[in-house]
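What the coordinates show
Read off the chains here:
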Amino acid sequence: MLEIKNLQVRLQDEDKQILKGLDLTVEAGKVHAIMGPNGSGKSTMSYVLAGRDGYEVTGGSATLDGRDLLEMEPEERAAAGLFLAFQYPVEIPGVGNMTFLRTALNAQRKARGEEEISAGDFLKLVREKAKTLKIDADMLKRPVNMGFSGGEKKRNEILQMAVLEPTMCILDETDSGLDVDAMKLVADGVNALRDAGRAFLVITHYQRLLDHIQPDVVHIMAAGRIVKTGGPELALEVEKEGYSDILGETA
Amino acid sequence: MAAPKRNMAARVEATEARIAALDAPKGGFTAPARAAALARLAEMGLPTRRDEYWRWTDPSAFNAPRPQGGAAFRVDRPIFEGRDKVRLVFVDGVFDAEASDDPALAGVEIARLAEADRADIHWAKALYGALEGEGHTPVERPFAALNTAAATDGVLLRVTGKAEKPLHISYRQSSETADVVLHHVIRLEPGADLTVLETGTPGARSNVVTEVDLAEGARLHHLRPQGRALERQMITHLFARIAEGAMLKSFTLTANGRMTRNEAVLRIAGDGAVAHIAGVALGDGADGPYHHDDTIFIDHGAVGCESRQVFKKVLKNGGQGIFQGKILVRPGAQKTDGYQISQSLLLDEDSQFLAKPELEIYADDVQCSHGSTTGAIDETALFYLRSRGVPKEDATALLVLSFVADAIAEIEDEGLAEDIVARIEGWLARRKH
């Protein structure tokens, strides 16, 4: 599904190489986790895949279902099935959460040549998804992420994912700033979306999220590359030993 | 009153030429007020760009004895069309009875200035030109005096109860040279309640004065979408006196327009009174020159009053926005709550926003704040929206709506606010690449 080959990226404004030949393949139906120390390039990877400005791809490729992601505008990537749950979801005053969600869903449908969803069907869909994430009517009515707690913002990201039904979901440190209960809610939301046609890439510092979202494959990223790949046991190893031992091994 | 003016000879000459070209109505109850206003105008003289409050806005379009022609905007879909209201239509500043509703609204006495002015006695006699006459502070407003002297028509409203529906003053332009001078007087008796909708652009050149006198506990909502005329050359003045416990809320939407200046002088005269004034301006220089100016003076002269100024300007392709806003808190006006914010969203690097916020406070127990910002579209928010599949142009439009939301929130009636938002959405949709 997602295929990254020898991806090399540097920051546009400063002469700094962040990704230095990243290789990663995520198959449909699988959950991959990426762990790694600060500054290893995890967030850069997620932003480059989603199409944020400020990065220059100096080499390599990234495709989603064989389509060149790097050639597409951010909105085209979304319509193609890519979703990035932000580490820091953005507050947008004056734009209602529902308006935002409906605009996004209909824009994606339009881009795919599908019909717009009716107001009634949309309301039903959102209410149903919101309920399982314990997002109440008041949160739906409020402006996007305004006055939301850290946990509410992350749940709102998962709600967007549930409504938009992307095929490739990237979660960028979705566990940061969450207490145990909030993390469980978020994990339940993600697990409910697991299916044979959908893949996940879970970026995290800590093993604890992976207790709730069981990964199929775990990668360790350092200095802009994947340095080690293994099963769920690799995450436990990181938790026990820290990164230095593992990185020492591979150096 | 003012410092000695520079370049007096040229000013006197321009003023005399302007006055000579006026065709002011004669006789009637307004005659003394018109004569006094004419004397005021002659004394003040027309403004020049050297005058403090005209430094950023060129008055020449308003100074010229005859207007520069301007094409009328063809209105395809009038705003507030579906709302229940009593509509009074003025075409090129002339009342159009055919196009208007029967001017009957329970609790509201409705008269036309041009008709009422045939009599010597009228309730509006004590008000016509009175608030304008007191409103030449902190600066002179010669075009308001000119208006009082020369207005050919207008609406006189006296409200005694709660009006069951809004009164709608609808302007239409048909002639490319119409030079329109309209003067409205609105008096709300104690506890009265009215919503006034004022829509469109009256003429090629327009000068509109509205004098509002709110008695104790009265409430006036004023909603003014000024149309979409690209060639608009319009100056308006809103003079209000607000008595104890009364409330004025005024909102203006200005889309397009070569030269629009909206002045307001709101005098808070009774304890516990409330004055809110807000505006959204939308200008795209690609359509032609855009210049929009809000010049506001809020005068707190009583205890425990609240004022809010919320002005938002969205500018692109060389559009120009001006904000000059002053709050005066007089001695003894304790517990004043005064707030002022003026912000611009510049959609490119060619546009310009100039702001002059002023506070002058002579009471010690007050809460006054003001702020002014200029910014571009927030790139992080834009990326967030696009990453959810919203195309760039639509995402930009959503962020513009987000930017103006605080000003829209000043409109109390949800349905009317929706109509205003729909106008803004339409304006943005027509400007997608």
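From a predicted model like this one, the values you see are computed outputs, not experimental measurements. (Residues numbered from 1 in each chain as written. Chains lettered and ligands numbered in written order. Predicted model: local features only at pLDDT ≥ 70, side-chain atom pairs only at ≥ 80, totals over all residues. Heavy atoms only, no water.)

So, the UniProt feature "domain: SUF system FeS cluster assembly SufBD core" (unreviewed entry) in chain B
Here, the residues flagged by UniProt with the feature "domain: SUF system FeS cluster assembly SufBD core" (unreviewed entry) are residues 174–403 of chain B. The span residues 174–403 of chain B shows a helical share of 9% and a strand share of 58%, and its end C-alpha atoms are spaced 34 Å apart. (UniProt positions renumbered as here; feature names shortened; annotations may be inferred. Helix = DSSP H or I, 4+ residues; strand = E, 2+ residues; numbered from the N terminus.)

A word on the sheet that holds strand β3 (residues 31–35) of chain A
Residue and element names in this part refer to chain A. Pairing in this open sheet of 6 strands is mixed, and the strands run β6-β9-β10-β3-β11-β12 from one edge to the other. Either end of the sheet is taken by a strand with one partner, and the two such strands are β6 (82–85) and β12 (225–230). For this sheet, the mean angle separating the axes of adjacent strands, direction not counted, is 20°. Bridging between β3 and strand β11 (residues 217–222) involves 4 bridges; their strand directions are parallel. What sits directly across from Ile-34, in β11, is His-219. Set on the sheet, helix α1 (residues 42–50) makes contact with β3, β6, β9 (168–172), β10 (199–203) and β11; between it and β6 the angle comes to about 140°. (Pairing = 2+ DSSP bridges. Axes fitted to C-alpha atoms, helices over the stretch in contact; angles between N-to-C directions. Contact = heavy atoms within 4.5 Å.)

Section: the packing of aromatic side chains
All names here are of chain B. Per the counting criterion, the structure on display carries 10 aromatic pairs over all chains. Ring geometry for Phe-62 versus Phe-143: centroids 5.7 Å apart, planes at 65°, classification edge-to-face. Note that Phe-62 is positioned in helix α3 (residues 60–63) and Phe-143 in helix α6 (residues 142–150), a separation of 81 residues in sequence. Residue classification places Phe-62 among the buried residues on the basis of a relative accessible area of 2%. It is Arg-261 that lies over the ring of Trp-54; its NZ or CZ is 3.6 Å from the centre. A cation over a ring is seen here: Lys-312 above Phe-403, with NZ or CZ 4.9 Å from the ring centre. (Phe/Tyr/Trp six-rings, centres within 6.5 Å; stacked < 30°, edge-to-face > 60°. Buried < 20%, exposed > 50% of the residue type's maximum accessible area, 1.4 Å probe, protein only. Lys NZ or Arg CZ within 6 Å of the ring centre and 35° of its normal.)

A few points about the environment of Phe-383 of chain B
You can see Phe-383 of chain B is positioned in helix α7 (residues 379–387). Residues Phe-383 of chain B and Pro-202 of chain B, 181 residues apart in the sequence, show an inter-C-alpha distance of 42 Å. Sequence-distant contacts of Phe-383 of chain B, defined by excluding residues within four places in its chain, comprise Tyr-47, Ala-50, Gly-51, Arg-52, Pro-74 and Phe-86 of chain A.

Comments concerning the pattern of salt bridges
Where side chains of opposite charge bring their charged atoms close, a pairing between them can arise. Going through the model one piece at a time under the given rule, you end up with 43 salt bridges over all chains. Through salt bridges with shared partners, a single ionic network connects Lys-162, Asp-193, Arg-219, Lys-249 and Glu-412 of chain B. (Salt bridge = Lys/Arg side-chain N within 4 Å of Asp/Glu carboxyl O.)

Looking at the pairing of strand β6 (residues 179–188) of chain B
Every regular strand shows the same layout, with side chains that alternate between the two sheet faces. Residues and elements named next belong to chain B. The element β6 is largely enclosed, with a buried count of 9 among its 10 residues. Alignment of strand β4 (residues 155–159) against β6, held across 4 bridges, turns out to be parallel. Within β6, the position partnered with Leu-156 by the bridge is Val-185. In this sheet, strand β8 (residues 205–214) lies alongside β6 in parallel orientation, the contact comprising 10 bridges. Bridge pairing in β8 places Leu-188 opposite Leu-214.

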